[in-house]
Amino acid sequence: MEESERTIIIEVLLSTTSPMTETPDSTTTSTSSESTTAAARQLLGMKGAKSGETNIWKIRLQLMKPITWIPLIWGVVCGAASSGGFTWSLEDILKAATCMLLSGPLMAGYTQTLNDYYDREIDAINEPYRPIPSGAISLNQVRAQIIFLLVAGLTLAVLLDLWSDHATFPVTKIALLGGFLAYIYSAPPLKLKKNGWLGNYALGASYIALPWWAGHALFGELTPTIVILTLIYSLAGLGIAIVNDFKSVEGDRQLGLASLPVMFGITTAAWICVLMIDIFQLGIAGYLMAIHANLYAVLLILLIIPQIVFQDMYFLRDPLKNDVKYQASAQPFLVLGMLVVGLALGHTLV
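Source: prediction; values computed, not measured.

What about the packing of helix H9 (residues 196–207) against helix H10 (residues 209–219)?
Turning to step 1, where the next piece is worked out: Closest axis-to-axis distance for the H9/H10 pair is 3 Å, and the angle between their directions is 25°. Considering the angle they form, H9 stands roughly parallel to H10. Mapping the contact onto sequence places Gly 204, Ala 205, Ser 206 and Tyr 207 in H9 and Ala 209, Leu 210 and Pro 211 in H10.
Turning to step 2, where the next piece is worked out: Residues belonging to the contact of H9 with H10 are distributed by class as follows: five nonpolar, two polar and no charged.

Here's the deal with the side chain of Ser 82
Turning to step 1, where the next piece is worked out: Tracing the chain through its elements places Ser 82 in helix H4 (residues 69–83).
Turning to step 2, where the next piece is worked out: Within the structure, Ser 82 has its side chain in polar contact with the side chain of Trp 212 (distance 3.0 Å).
Turning to step 3, where the next piece is worked out: A polar atom in the side chain of Ser 82 sits 2.7 Å from the side chain of His 216.

Some details on a nonpolar patch on the surface
Turning to step 1, where the next piece is worked out: Taken together, the side chains of Leu 295, Val 298, Leu 299, Leu 302, Ile 305, Val 309 and Met 313 define a hydrophobic patch exposed on the protein surface, amounting to about 600 Å² of accessible area.
Turning to step 2, where the next piece is worked out: On the secondary structure map, Leu 299 appears in helix H15 (residues 294–315).
Turning to step 3, where the next piece is worked out: For Leu 299, a relative accessible area of 36% puts it in the partly exposed group.

Comments concerning the UniProt feature "transmembrane region" (unreviewed entry) in the chain
Turning to step 1, where the next piece is worked out: UniProt's entry tags residues 67–87, 146–163, 169–186, 198–219, 225–243, 255–277, 289–310 and 330–349 with the feature "transmembrane region" (unreviewed entry), counted in the numbering of this structure.
Turning to step 2, where the next piece is worked out: The span residues 67–87 is 71% helical and 0% strand by assignment, and the distance between its end C-alpha atoms comes to 28 Å.
Turning to step 3, where the next piece is worked out: Annotated as 95% helix and 0% strand, the span residues 330–349 places its first and last C-alpha atoms 29 Å apart.

Thoughts on the packing of aromatic side chains
Turning to step 1, where the next piece is worked out: With the rule as written, the count across this model stands at 10 aromatic pairs.
Turning to step 2, where the next piece is worked out: Summarising the aromatic geometry, the rings of Phe 86 and Trp 88 are spaced 5.1 Å apart at their centres and angled 85° between planes, so their arrangement reads as edge-to-face.
Turning to step 3, where the next piece is worked out: Accessibility expressed as a relative area gives 24% for Phe 86, which makes it partly exposed.
Turning to step 4, where the next piece is worked out: Owing to a relative accessible area of 74%, Trp 88 belongs among the exposed residues under this scheme.
Turning to step 5, where the next piece is worked out: Pairing Phe 310 with Tyr 314 gives two aromatic rings, centres 5.9 Å apart and planes at 5°, and the pair type is stacked. Residue Phe 310 and its partner Tyr 314 are both found in helix H15; the two are separated by four residues, about one turn of the helix. The burial state of Phe 310 is the same as that of Tyr 314; both residues are buried.
Turning to step 6, where the next piece is worked out: An aromatic cluster is present here, built from Phe 86, Trp 88 and Phe 219 joined pairwise through their rings.

The rules behind these values
Residues numbered from 1 in each chain as written. Predicted model: local features only at pLDDT ≥ 70, side-chain atom pairs only at ≥ 80, totals over all residues. Heavy atoms only, no water. Axes fitted to C-alpha atoms, helices over the stretch in contact; angles between N-to-C directions. Helix = DSSP H or I, 4+ residues; strand = E, 2+ residues; numbered from the N terminus. Parallel < 35°, antiparallel > 145°, perpendicular 65-115°, else oblique. Contact = heavy atoms within 4.5 Å. Nonpolar A, V, L, I, M, F, W, Y, C, P; charged D, E, K, R; others polar. Polar contact = N/O pair within 3.5 Å; in protein donor to acceptor, adjacent residues only side chain to side chain. Patch = residues over 30% accessible without salt bridge, like charges linked within 9 Å, V, L, I, M, F, W, Y side chains within 5 Å. Areas by Shrake-Rupley, 256 points an atom, 1.4 Å probe, with all protein chains shown as cover. Salt bridge = Lys/Arg side-chain N within 4 Å of Asp/Glu carboxyl O. Buried < 20%, exposed > 50% of the residue type's maximum accessible area, 1.4 Å probe, protein only. UniProt positions renumbered as here; feature names shortened; annotations may be inferred. Phe/Tyr/Trp six-rings, centres within 6.5 Å; stacked < 30°, edge-to-face > 60°.

If you want it as structure tokens, here you go:
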């Protein structure tokens with residue numbers, strides 16, 4: 001099952017708790033801590049969750065994978081920054097918050113629930129504790145959740161366009177595109193995720209370009225330049241998406257999914273992953289220099305350097321073991337770089 005390519009600070013907090021010394025109560029404490037951590041992972045929709053949850057609302061939330069909402073919410077922030085039209089007025093703050101609700105809980109929740117529905121066979125191999133393969137929720141209940149989230153998301157997109165007096169309804173169009181991409185990514189006959197290149201690029205674009213477009217369109221005019229730049233940035237997102245494929249190699253191989261680790265092997269796929277992440281961020285930095293946003297370009301390069309360090313320290317040495325550790329260490333620098341680019345575009349192109 002696809003988790004967010006951005007399992008950031010929460011994963012660090014959940015994975016680094018351990019008793020400092022051995023005491024007679026340390027086993028109990030450790031067991032209690034592990035149980036609490038597993039429960040939190042379950043609620044957030046993260047790898048390593050426990051099974052056995054019976055509360056239907058917690059199960060529904062787990063299907064929506066709240067941990068994956070973070071990058072989409074952040075993408076709206078970057079889009080608002082690049083628009084040059086966001087102000088710190090109460091109305092603009094409320095609009096941005098509503099767009100975050102659209103991009104995160106509703107559309108990302110729809111995407112993740114839909115993906116779980118169509119990935120129930122592979123989840124039975126890779127993550128049997130997930131709600132559907134564990135039998136915690138019926139397929140009819142999952143279908144109802146998918147429909148509700150999609151309808152609610154599209155309705156909210158329309159309301160945002162009406163609120164902003166948009167004649168062409170750009171936010172609604174972006175939401176429709178996102179809903180369509182989510183479907184062809186997960187569902188047959190296309191099921192883009194069967195192809196490591198197409199599937200991961202669709203995932204990267206959904207997490208970087210689409211929420212960025214929504215935030216930008218909400219406060220300004222979505223131009224071809226912004227569209228192209230964010231699609232290029234999404235190629236770095238493709239690299240991030242590849243990170244998630246390493247945890248599912250065995251299940252992907254059994255079910256015929258052509259993920260990059262399956263196609264090229266672990267080592268080659270790891271190098272493809274990090275090169276995609278680094279090269280396209282550096283390409284964006286080069287563009288910022290070309291439009292004379294030199295300070296922002298330098299800031300972006302400074303944020304790329306620690307990503308390269310963590311790639312060498314963790315990911316390239318053992319991508320199967322260190323995928324989550326790498327994400328938790330490197331992703332904050334990548335998402336801060338996105339905001340730097342958004343601010344640069346907002347101050348330079350507008």
